[in-house]
Each structure stands twice: as structure tokens, then as C-alpha cells.
Amino acid sequence: MSGLRKILSNWLPAYAFLYIVFLYLPVIFLPIFSVNTSASPKFPLSGFTLKWYEELPHTPALLDAAWNSLMVGVSAAILSTVLGICAARAITRYRFPGRRTINGLLMAPLVLPEIIVAVSMLLVMLQLGLSLSLVTVVLGHVLVCIPYSLSVLTSGFEGFDRSLEEASADLGESAFGTFRRVTLPMVAPAIISSLLVSFTISLDEFIMAFFLTGTESTLPVYIWGQLRFASKLPGVLALGTLLLVGSFVLLTLAEILRRRAARRTQNTGGVFA
Amino acid sequence: MPERSKSERPMIEIAHVTRSYGAFKALDDASLTIREGEFFSLLGPSGCGKTTLLRMIAGFDNPTSGSIAVDGQEMLGIPANRRPTNMVFQSYAIFPHLNVEQNVGYGLKRLRLDATEEKRRVEEALAQVSLTGLGKRGATELSGGQRQRVALARALVMRPKVLLLDEPLSALDKKLREQMQVELRRLQQAVGITFILVTHDQYEALAMSDRIAVMFGGKIAQVASPKEIYQRPVNRQVADFLGGMNFVKAEIVEENGASMTVDTLGFGRVKTDKPAAFVRNGKAATLGIRPERLRVLWDDAKDKHEVAGTVVDRHYFGEITHLIVDIPGLEKPLSVTETNNFGADDIPVGAPIRLAYDPDALVAMAD
Ligand SMILES: Nc1ncnc2c1ncn2[C@@H]1O[C@H](COP(=O)(O)OP(=O)(O)OP(=O)(O)O)[C@@H](O)[C@H]1O
Ligand SMILES: [Mg+2]
């Protein structure tokens, strides 16, 4: 046993290091080549330039795609967060039959092959006679985002001591006042975190958007379209880098808020008591 | 504790309150009157319905049937936020996103007082619970005892007609708990508000209350002063819950209004009060006597009322010794607690012993 532990403790850091390199090396290439003067992504690098970035705002199709993504992202984020709030509140507050099953079903899109879900969604939309548009993309994205919203919100709501709301009512506050002065401030970080996470996921999501959109494209769909033209590659890399940085910032922010929400709700029970 | 002259005006009237969960009755036809300015305790084992009753007074739950009135006003249909009661929660329920001052001032915000008046009342409440100067502390930076005081101040600042406390001391360690018992009692006397304390700790209830209601299985078994509850429990269950009690089988010889004469094997013929709630069961009755009401007779000391037996066991508890004494004729040996002033801790097991008792200490009760 101790021999195995020794081997592990020697090799685990090396393994972890390799794993991280494998995971993130390709991601590092993206920003590196996006500031390279040469149009083809090859080593050695030929020089530093920001021209690929400067060209971005002068591409109307890209601006349209960005606007579409923004609209879809905001709608999907709001919808999945609102639905997530209802579900998370029910799951954390009430004990009802099938609670675990429902929770499991809501989390399932996380592990289902996305392409299968996308094709099924497409079939459903067509059966319902909906014409494909950004609206159908939003619906698809809500489905993808809900598991993330739900887990962020559940962790924020969990341990929310119900007696806090009762204490507020006891001190004379109305139901609405209690929501405004106690419930909201305590779960606001989790809600914002859920909005950020689902927005980011919608922003980066490709398969659903590809299957469910009509003529308008979102950013990932636009990027996919550009990849056919070798000359457009540096622009795509620049755009990709921006998306990467944006996502990273949003997700970090979301995680910070989620932790703050969890901390708030969790130490109401009297840590010292 | 000095008796205070207190108003007899009823503050809370609970009439035939039942709370059912399906077929299970958490409260079963409970009736109770609590007077103005009283320190009243609901005492009973876990699950007997204490919290259920308290939450119905506060307005967090409604009776399945029956009525609750506070200060003469029927409470049915009045939501918690419009009742003249405030509660100290078992978990304290301190708002974690607010500091001490904001927590205490939470309810005052609704009253729209001017800023100086609001501040004055918050300061006053903090002073009442000895938290002066801690107003700016964050709610998460408090010790258990301090959280408890904040919860108390937050409720007191509202000047309620009734303050409800659900096991407020159970999360504190023994020393702090005893200190808070004294403080809570002093505070109640200072503000004169009716306090209703829920507890499962009989010593806490005995030490703090003007009156106690003992509850079992959703029913109120007895309502009386601590002394009455301790010395004259209505039945074996109440007697047992409030500490050790020796039970002696008896046979009723004669009943005479509020008193009766019974024959016992160990204690002979005894005249005793007949409790109001006495349930008769043929000629059989049960007498009880507390272990500390039996006194060891040393050497050739004599008493009008004594029993003789043999020490069969002895337990040492520092300031007292617990003797188990077998008395011929009694089915169970008696427990006797004796202070260690005179050497009770040195009485050898197997020694003959004589015990004196006051016949008044032998109380009849229902089985
Ligand atoms: N929502 C509920 N559904 C079903 N049964 C309940 C519910 N709330 C309380 N009970 C039951 O009612 C009974 C009384 O509960 P209550 O909380 O009043 O007990 P308690 O005397 O305060 O006990 P403790 O000292 O443990 O706090 C318990 O048996 C409990 O299981
Ligand atoms: Mg309780």
C-alpha cells in the first residue's frame, strides 16, 4: 500500500502537469497565432501585429453574427435562469416524491450527446411547425444551459435557512418586503452567476445553433463558415481569442459570485454555536 | 425567586387547539391561558408538540381546529407579520448579510421612525442584552452567545406583547447556558413582557418560569408553578420527567373531598391531598416521594415518621450521595439523596438504615 502511495506521490505531479499541457496547449496557440503577421498558422512566428484584430469591426457579417449571439445569449441566459430559479427553489426547499428523479432529468442534457439532442430538437421544432430562426436557437440553448443554471442556483440556495424568511415576517415585513430585503440579497450572487454562466455557454455553443438556426448565424456558426477560406483564418483566430478571453472572464466572475452566495447561505446556522 | 404581584389578565388564550398531520396529531385538544407579564415555559420531551404550538402562536402555522387569541384578539387569519408577537428562533436566524445594528433595526425600518429615534431604540436594545459597542460587527463574526443576544435584541426592540423563545439556550455550552438563564429571567422582569419559553430541560423550566405547562404526545398534562409541578405532579409521567421519584403502591381506604386516606406497605396509613386530575382506578393509587425528601436518621435520632431498611447500593456525586435502600414490603428499593455534610458517603452497603419523611411529601398521583 505504502509503496503504491510512494509511486503515486512521485508521479502524480508529473501526470497532472502533462495533462494540463495537453488540455491547454492548443488553447495557447490561438492567441499566439492571432498576433502573428503571417496568414498561415506555422512556426516559426514571423512577427507581431494587431491587424487581424483591427479588421474585425470592419466585417459586417461578423458584426451581425456578434449581435445575434448577444441577443440569443441574453435571452437564453434569462430564460434558463428563471426556469432554474423555480426548479432550484423547489428542489432545495420541498421534499416531494420524485424529487431526485426530476433533478436527474433536468441535469441529463449535460451528458447526452449534444448532436442527438440537437437533431431531436430539430425534429420537434419542425413537427411543431416552427420555422427555424434565432428563436429556435434560444430554445435549444435554454435546454443546454439549464443544467448549469440549476447546479449554480442549487448550490446558492442550498442551506438557505428558511427561518430567515420567517424571522423577517415575524419582524413585521410583508412577503414582498421579505423577498426584497432577505431572499434577494442572499441569492442575488447565485442568480447573477447563473446568468453569466448560461450567457457564456450560449455564446460558445455551436451544434444547437448550427442545427436550429435559419438564415441568421451566431458567432460560432459564423466562425465555422469562415474556416473554409484559408485567408480568413487569422481573423477567425483573433475572434476566437476574444471569445476565449470573454468566456474566461465571465466564468471566473460567475464562480466568484457562486462561492459568495454559497458562503452567505451556508453560515447562517451558527458556525460557532 | 421573589413572587411578584402580577396581573391576572390573560395575554394568550389557547382553546381546544388541535394540529393534525394526516392521522397524526402533533397537538391534541390543547387548552391553556397565559397571563400578562408571565414567564411561561412549555416543557416536554422531543416531539411532544412544543414547537408546533409556539409556531401557531407566532402565525407560521395554523391550527387544524381550535382558536388562539392574543391580548383578547382572535389570531386566526392574521399573518405572522401583523401579530403582536416576536420570536427568538432556535437557529437564531440572524440575517447573515447585515451587521448587528442592521439586524436589530430590521423590524423598525417598517415603522418609519425618524433616524435618531430608530438609532436610540437599537442602542437601547443592544444595551439590554449587553452588546453595546458591537453594532458594526458583521453577523458572521459573532460567537454563539452573541448571536443569541442579537436575536433577543432584534425581537425585544419591537416591544412585542409576547416574546416567543424556541429552545434559545440549547446550542450554548453548560456554563453560558446557566448564565443566560439568569440574564433572561432578569431581562424579562425588567421589560415586563410576557415570555413563552420552549424547552426540554426541566431544570431550565424550573429555574426560570412563573408557570410551566408539561406536554406529552401533543397533550398538555399539567399547568402549574414550578414548585407545584415538581412537588405535586399529576401523574407518573410528569413526575418522572421532572427528576427522580420513588413510586409506592397504595390502596384507597377513604376519600373525603380534596383529600384521601391510603394504606401502603412501606409507609403505613397516609392521609394525602387528592389531585384535581386524579383518575381513579378501582381502589389502587400511586404515591410518590422525591429522593431528597427522605432523610437519613443518624444514631438514635427519632422522628414521628420513619421507615427502616438496608442500604443495597451507594453512588457518590460530589456534594450529594445517592443511596438505594431496600424497605421490607416495598416492591422497589427507595432512592434517597443525602447531602454529604454528615457522612452519607461513608455509609457502607449492607448497613441497616432508618429514613425520616414528611407525610406531606408523599403525593398521590394518577398512573
Ligand atoms: N410538517 C410536519 N409534517 C408531519 N409531522 C410533523 C410536521 N411538523 C411536525 N411534525 C410532527 O409533530 C410532532 C411535534 O413536533 P414539534 O416540532 O412540535 O416537537 P417539539 O416538541 O418541538 O420537539 P423538539 O423538542 O424535538 O423540538 C413531531 O412528532 C413531529 O414529527
Ligand atoms: Mg422543537
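What you are looking at is a predicted structure, and each value in this text was computed from that prediction instead of being measured.

Chemist: Please explain the sheet that holds strand β5 (residues 73-74) of chain B as it appears in this structure.
Modeler: Residue and element names in this part refer to chain B. With respect to topology, 4 strands assemble into an open sheet ordered β2-β1-β4-β5, the strand pairing being antiparallel. Of all the strands in the sheet, the pair left with one neighbour each is β2 (24-35) and β5. Here 5 bridges tie strand β1 (residues 10-21) to strand β4 (residues 65-70), and the two strands are oriented antiparallel to one another. Residue glutamate 13 lies in a different strand from β4, and its bridge partner there is alanine 69. Helix α1 (residues 50-58) rests against β1, β2 and β4 of the sheet, and its axis sits at about 120° to β1.

Chemist: So what exactly am I meant to see when it comes to the UniProt feature "transmembrane region" (unreviewed entry) in chain A here?
Modeler: Residue and element names in this part refer to chain A. UniProt annotation of "transmembrane region" (unreviewed entry) refers to residues 12-33, 70-92, 104-126, 132-153, 190-213 and 233-254 when read in the numbering used here. Regarding residues 190-213, the helix share stands at 88% and the strand share at 0%, and the terminal C-alpha atoms are separated by 30 Å. Across residues 233-254, the secondary structure splits into 100% helix and 0% strand, with the terminal C-alpha atoms separated by 31 Å.

Chemist: Explain empty space enclosed by the protein here, please?
Modeler: With a probe scaled to a water molecule rolled over the atoms, the places where space remains empty come into view. Residues and elements named next belong to chain B. Per the counting criterion, the structure on display carries 2 cavities of 30 Å³ or more. Taken together, Met56, Asn62, Pro63, Ser67, Ile68, Glu74, Met75, Leu76 and Arg83 form the lining of the second largest cavity. Here the residues of the lining of the second largest cavity sort into 5 nonpolar, 2 polar and 2 charged.

Chemist: Help me understand the domain arrangement of chain B, please; the structure alone is not making it clear to me.
Modeler: Often, the extent of an interface is quoted as the loss of accessible area upon association of its parts. Residues and elements named next belong to chain B. For chain B, the assigned domains are domain 1 (10-236) and domain 2 (237-365). Once you take the C-alpha centre of each, domain 1 and domain 2 turn out to be 37 Å apart. Here domain 1 packs against domain 2, burying approximately 1,700 Å² in sum over the two surfaces, 62% of which is carbon and sulfur. Of all residues in domain 1, the largest losses of buried area upon contact with domain 2 belong to Tyr230, Arg232 and Arg236, amounting jointly to 42% of the total for that side. Counting the contacts that link domain 1 with domain 2 gives 1 salt bridge. For arginine 232, the salt bridge identified is with aspartate 273, shortest N-O distance 4.0 Å. Contributions of two or more residues to the side of domain 1 that touches domain 2 are made by α6 (202-208), β9 (211-216), β10 (219-224) and α7 (226-231). In terms of residue count, the dominant contributor to the side of domain 1 that touches domain 2 is α7 (3 residues).

Chemist: Quick question: what am I supposed to make of the environment of glutamate 13 of chain B here?
Modeler: All names here are of chain B. With respect to the secondary-structure elements, glutamate 13 resides in strand β1. Residues glutamate 13 and isoleucine 94, spaced 81 residues apart in sequence, show a C-alpha to C-alpha distance of 30 Å. Beyond its immediate chain neighbours, meaning those up to four positions away, glutamate 13 contacts Leu32, Thr33, Ser67, Ile68, Ala69 and Gly72.

Chemist: Help me understand the site of ligand 1, please; the structure alone is not making it clear to me.
Modeler: All names here are of chain B. Ligand 1 sits among Tyr21, Phe24, Ala26, Ser46, Gly47, Cys48, Gly49, Lys50, Thr51, Thr52 and Glu167. A distance of 3.2 Å is found between a nitrogen atom of ligand 1 and a side-chain nitrogen or oxygen belonging to tyrosine 21. Between cysteine 48 and ligand 1, the recorded distance is 3.2 Å, taken from a backbone N or O atom to an oxygen atom. For ligand 1, the protein covers 59% of the area, taking 640 Å² as the surface of the free molecule. Sorting the residues of the shell around ligand 1 by element identifies β2 and α1 as the ones contributing at least two each. Among the elements that take part in the shell around ligand 1, α1 stands out by supplying 3 residues, more than any other. Broken down by class, the residue content of the shell around ligand 1 amounts to 4 nonpolar, 5 polar and 2 charged.

Chemist: What is the right way to look at the nonpolar core in this model?
Modeler: Buried together is how nonpolar side chains tend to be arranged in soluble globular proteins. Formed by 84 residues in total, the largest nonpolar core has its most connected members in Ile12, Leu42, Val104, Leu152, Leu163 and Ile196 of chain B. The element contributing the most residues to this core is helix α4 (residues 144-156) of chain B, with 6 residues. Once residues lying within four places of it in the same chain are set aside, the contact partners of valine 104 of chain B are Val122, Ala125, Leu126, Val150, Ala153, Arg154 and Val157 of chain B. Core analysis: the second largest hydrophobic core is formed by 41 residues, Ile146, Val197, Tyr222 and Leu239 of chain A among them.

Chemist: Please explain the packing of aromatic side chains as it appears in this structure.
Modeler: Working definition: an aromatic ring pair is given by the centre-to-centre distance plus the angle between the planes. For the structure shown, the criterion picks out 10 aromatic pairs over all chains. Summarising the aromatic geometry, the rings of phenylalanine 39 of chain B and phenylalanine 195 of chain B are spaced 5.5 Å apart at their centres and angled 45° between planes, so their arrangement reads as tilted. With phenylalanine 39 of chain B in strand β3 (residues 39-43) and phenylalanine 195 of chain B in strand β8 (residues 194-199), the pair connects residues that are 156 residues apart, well separated along the chain. On the basis of relative accessibility, which here comes to 0%, the residue phenylalanine 195 of chain B falls in the buried class. Pairwise contacts between aromatic rings join Phe206, Phe210, Phe211 and Trp224 of chain A into one cluster. The positively charged end of arginine 181 of chain A is found above the aromatic ring belonging to tyrosine 106 of chain B, 3.8 Å away from the centroid.

Chemist: What is the right way to look at the confidence of the model for chain B in this model?
Modeler: The predicted coordinates ought not to be read in detail in places where the model reports low pLDDT. Mean pLDDT for chain B: 89, with 97% of residues reaching 70 or above. Confidence estimates for the predicted assembly give a pTM of 0.77 and an ipTM of 0.81.

Chemist: What is the right way to read the pattern of salt bridges from this model?
Modeler: All names here are of chain B. All told, the structure shown has 26 salt bridges over all chains when counted by the stated rule. With a shortest N-O distance of 3.0 Å, glutamate 36 and arginine 9 are connected by a salt bridge. Of the two residues, glutamate 36 sits in the loop between β2 and β3 while arginine 9 sits in the segment before β1, which places them 27 residues apart along the sequence. Accessibility expressed as a relative area gives 40% for arginine 9, which makes it partly exposed.

Chemist: Where do I start with the sheet that holds strand β11 (residues 246-256) of chain B in this structure?
Modeler: Strand pairing in a sheet relies on backbone hydrogen bonds. The paired strands run either parallel or antiparallel. All names here are of chain B. One open sheet accounts for 5 strands, arranged β13-β12-β11-β14-β20; its pairing is antiparallel. Strand pairing shows two members of the sheet lacking a second neighbour, β13 (268-273) and β20 (363-365), which therefore form its edges. For this sheet the average axis-to-axis angle between neighbouring strands, irrespective of direction, equals 45°. Pairing geometry for strand β14 (residues 284-289) and β20, over 3 bridges, is antiparallel. Within β20, the residue paired with threonine 286 across the bridge is methionine 365.

Cut-offs and rules
- Residues numbered from 1 in each chain as written.
- Chains lettered and ligands numbered in written order.
- Predicted model: local features only at pLDDT ≥ 70, side-chain atom pairs only at ≥ 80, totals over all residues.
- Heavy atoms only, no water.
- Pairing = 2+ DSSP bridges.
- Helix = DSSP H or I, 4+ residues; strand = E, 2+ residues; numbered from the N terminus.
- Contact = heavy atoms within 4.5 Å.
- Axes fitted to C-alpha atoms, helices over the stretch in contact; angles between N-to-C directions.
- UniProt positions renumbered as here; feature names shortened; annotations may be inferred.
- 1 Å grid on protein atoms, 1.4 Å probe; cavity = no way out; pocket = protein on both sides within 12 Å on 5 of 7 lines; lining within 4 Å.
- Points joined across faces, edges and corners; volume = space filled by probe spheres on them.
- Nonpolar A, V, L, I, M, F, W, Y, C, P; charged D, E, K, R; others polar.
- Domains from an automatic or database assignment.
- Buried area = accessible area lost by both parts, 1.4 Å probe.
- Salt bridge = Lys/Arg side-chain N within 4 Å of Asp/Glu carboxyl O.
- Near = heavy atom within 4 Å.
- Polar contact = N/O pair within 3.5 Å; in protein donor to acceptor, adjacent residues only side chain to side chain.
- Areas by Shrake-Rupley, 256 points an atom, 1.4 Å probe, with all protein chains shown as cover.
- Core = buried A, V, L, I, M, F, W, Y, C linked by side-chain atoms within 4.5 Å.
- Buried < 20%, exposed > 50% of the residue type's maximum accessible area, 1.4 Å probe, protein only.
- Phe/Tyr/Trp six-rings, centres within 6.5 Å; stacked < 30°, edge-to-face > 60°.
- Lys NZ or Arg CZ within 6 Å of the ring centre and 35° of its normal.
- pLDDT = per-residue confidence, 0-100.

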